[in-house]
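# Coordinate inspection notes
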Amino acid sequence: MARIVVKFGGTSVAGIPQIENAAAKVAAEIARGHQVAVVVSAMSGVTNQLIEYCREISPLHDAREYDAVVASGENVTSGLMALALQKRGIQARSWQGWQIPILCSDVHGKARILEIDGTEIARRMDNDNEVAVIAGFQGVTSRQRVTTLGRGGSDTTAVALAAALQAERCDIYTDVNGVYTADPRIVQHARKLKKISYEEMYELASSGSKVLMTRSVEMAMKMNVPVQVLSTFEEPIGSDYPGTLVTRDEDIVEQEVVNGVAHSKDEAKVTLVKVPDIPGIAAGVFGPLAEANINVDMIVQNVSQDGKTDMTFTVSKAELQRAMQVLKNEPRLAGIEIRFDEDVAKISVVGIGMKSHAGVAQTMFTALAERGINIQVISTSEIKISVLIAAEYTELAVRALHAAYGLEGDRKLA
Ligand code: ASP
Ligand code: MG
């Protein structure tokens, strides 16, 4: 009997009818002979509301109490889902993170899962046919405090639980029916991918695709858990995998050079103007940012003229103000002009085939040049090329690149 973990996102548990619909999906899996564990998000909008409550009391709130507040959204849905399953005659029990326990690091607000003890849940599955309904997004520290995993964290709970229970698969039910070659709201003929490799999904997630939390993909890759993204609101027809399966590269037969175009408007560009081109300057800029836990993404430094050079990099918009503060307080940068620009977007093309194909970057640069789109910063990894452009060209760039790499298809047939 195969074990699977199914996770329902916020829109899939947005109200009682949706929760009952999700419970029907669980019942269908049980009817297929599976042992099922369920992970739930908070009802859509609830987490935002809880965060807002904390901000209203104090913008600089205590992170431990923030976690105590925002973790509560998932507590509600886990209980409601257990009730909905019981109503269908399925034995079900809810679990909050601390009850399992899901042991987490004590970085409040963005904790990492360290360990999950799945023994009791597995025992009940085997002995009593009991369905465990787990509150996603939360865990407990070694000091017995509640923690949360960061926005979208229920995906990570689900994948980690699947690994702990040695589940065959982790199904992530959401409001889209899979992973697309680009955001279908921008590219009308974006194609749904049947399969995508962990590496590509990781790059897409970290480049702005919001389908899966980046860390959940990292975890799935490390623990080798196949993850399926599928819709709660569509009936599966025919295929074993109606959604998109995120799996090992080796398990994908048809490989394209580029599999997806992602965009992100969450980044901001920072430029240090005319910094002295001497050893230690980069350390002086990025050291203090790292100490402040601010992630830097793309970086460029120009060839210097008269011993001075401009240095540009990107940080997330949410951390821009903090980054500016840190840089302004850094004695090594005293007197240096620091500019920032929030009207930028990062466009990325991702594909495992880049490892073995030349000319992929050239296609991107040509397509953008033909539309008169200026590239401000470029960064690459083995399977990704990202460019920073003016935000107003986001849609144009995504469409141009989707066409340039021949990614169109008929969505209806995908
Ligand atoms: N409810 C949390 C959020 O909105 C976690 C999740 O849904 O994955 O970020
Ligand atoms: Mg999500």
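Provided above is the structure to which this section pertains.
Structural notes, computed from the coordinates. Just so it is clear, the model here is predicted, and its values are computed rather than measured. (Residues numbered from 1 in each chain as written. Chains lettered and ligands numbered in written order. Predicted model: local features only at pLDDT ≥ 70, side-chain atom pairs only at ≥ 80, totals over all residues. Heavy atoms only, no water.)

### Topic: the sheet that holds strand β10 (residues 195–197)
Ordered by their spatial adjacency, 8 strands build an open sheet running β3-β6-β2-β1-β9-β11-β12-β10, and the pairing between neighbours is mixed. Each edge of the open sheet carries a strand with a single partner, namely β3 (92–95) and β10. Going across the sheet, the axis of each strand differs from the next one's by a mean of 20 degrees, ignoring polarity. Here strand β11 (residues 227–231) runs beside strand β12 (residues 244–247); their pairing, made up of 3 bridges, is antiparallel. Opposite Val227, over in β12, you have Val246 as the bridge partner. Docked against the sheet, helix α4 (residues 72–87) engages β1 (3–8), β2 (35–40), β3 and β6 (131–135), running at close to 160 degrees with respect to β6. (Pairing = 2+ DSSP bridges. Helix = DSSP H or I, 4+ residues; strand = E, 2+ residues; numbered from the N terminus. Axes fitted to C-alpha atoms, helices over the stretch in contact; angles between N-to-C directions. Contact = heavy atoms within 4.5 Å.)

### A few points about the sheet that holds strand β13 (residues 260–264)
Strand order in this open sheet of 4 strands is β13-β18-β20-β19, and the pairing throughout is antiparallel. The open sheet is flanked by β13 and β19 (377–381), the only strands paired with a single partner. In this sheet, neighbouring strand axes are inclined to one another by 20 degrees on average, regardless of whether the strands run parallel or antiparallel. Bridge analysis of β19 against strand β20 (residues 384–390) gives 5 bridges, and the strand direction is antiparallel. Counterpart to Ser379 in the pairing with β20 is Ser386.

### Considerations on the packing of aromatic side chains
This model, assessed by the stated rule, comprises 2 aromatic pairs. Measuring from centroid to centroid gives 4.9 Å for Phe8 and Tyr173, while their planes differ by 20 degrees, and the two rings are stacked. Placement of Phe8 in strand β1 and of Tyr173 in strand β9 (residues 169–174) is noted, with a sequence separation of 165 residues between them. A relative accessible area of 5% means that Tyr173 is categorised as buried. Between the aromatic rings of Phe286 and Phe313, the centroid separation amounts to 5.1 Å while the plane-to-plane angle is 75 degrees, which identifies the pairing as edge-to-face. (Phe/Tyr/Trp six-rings, centres within 6.5 Å; stacked < 30°, edge-to-face > 60°. Buried < 20%, exposed > 50% of the residue type's maximum accessible area, 1.4 Å probe, protein only.)

### So, the packing of helix α1 (residues 16–31) against α4
The relative placement of two packed helices is expressed as an angle between their axes plus a distance between the axes. Following both chains from N to C, one finds α1 and α4 inclined at 60 degrees, their axes separated by 9 Å at the closest point. Judged on the interaxial angle alone, α4 and α1 are oblique. In this structure, α1 meets α4 at a crossing whose hand is right-handed. Across the interface between the two elements, Ile16, Ile19, Glu20, Ala22, Ala23 and Val26 of α1 pack against Thr77, Leu80, Met81, Ala84, Leu85 and Lys87 of α4. For the contact of α1 with α4, the per-class residue count stands at 9 nonpolar, 1 polar and 2 charged. (Parallel < 35°, antiparallel > 145°, perpendicular 65-115°, else oblique. Left-handed = near helix turned anticlockwise from the far one by under 90°. Nonpolar A, V, L, I, M, F, W, Y, C, P; charged D, E, K, R; others polar.)

### Describing the nonpolar core
Formed by 42 residues in total, the largest nonpolar core has its most connected members in Val5, Ile134, Leu161, Leu165, Cys170, Leu212 and Val227. If near-sequence neighbours (up to four positions away) are discounted, Ile134 is found in contact with Ala37, Val38, Val39, Val40, Ser78, Trp95, Ile100, Ile102, Ile121, Thr157 and Leu161. Within the second largest apolar cluster, 25 residues are counted, among which are Met364, Ala367, Ala397 and Val398. (Core = buried A, V, L, I, M, F, W, Y, C linked by side-chain atoms within 4.5 Å.)

### Some points on α1
Owing to its 3.6 residues per turn, the α-helix aligns residues three or four sequence positions apart on the same side. Under the 1.5 Å per step criterion, the end-to-end length of α1 is 22 Å for 16 residues, consistent within 8% with the ideal 22 Å. Among the residues making up α1, those that are buried are Ile19, Ala22, Ala23, Lys25, Val26, Ala27 and Glu29. The inward-facing, buried residues of α1 contact β1, β2, α4, β9 and β11. A positive backbone phi angle near 95 degrees is found at Gly33, which sits one or two residues after α1. (Expected span 1.5 Å × (residues − 1).)

### A few points about the pairing of β11
Judged by how many residues are buried, β11 sits mostly within the fold: 5 of 5 residues are covered. Burial of the side chains of β11 extends over both faces: Val227, Val229 and Ser231 are buried on one face and Gln228 and Leu230 on the other. In this structure, β9 lies alongside β11, joined through 5 bridges in parallel fashion. Its bridge partner being in β11, Asp171 is matched across the sheet by Gln228.

### Regarding the environment of Asn302
Assignment of secondary structure puts Asn302 in the loop between β15 (296–301) and β16 (308–316). The sequence separation of Asn302 and Phe340 amounts to 38 residues, and the corresponding C-alpha distance is 17 Å. With residues up to four places along the chain from it excluded, the contact list for Asn302 reads Thr309 and Asp310.

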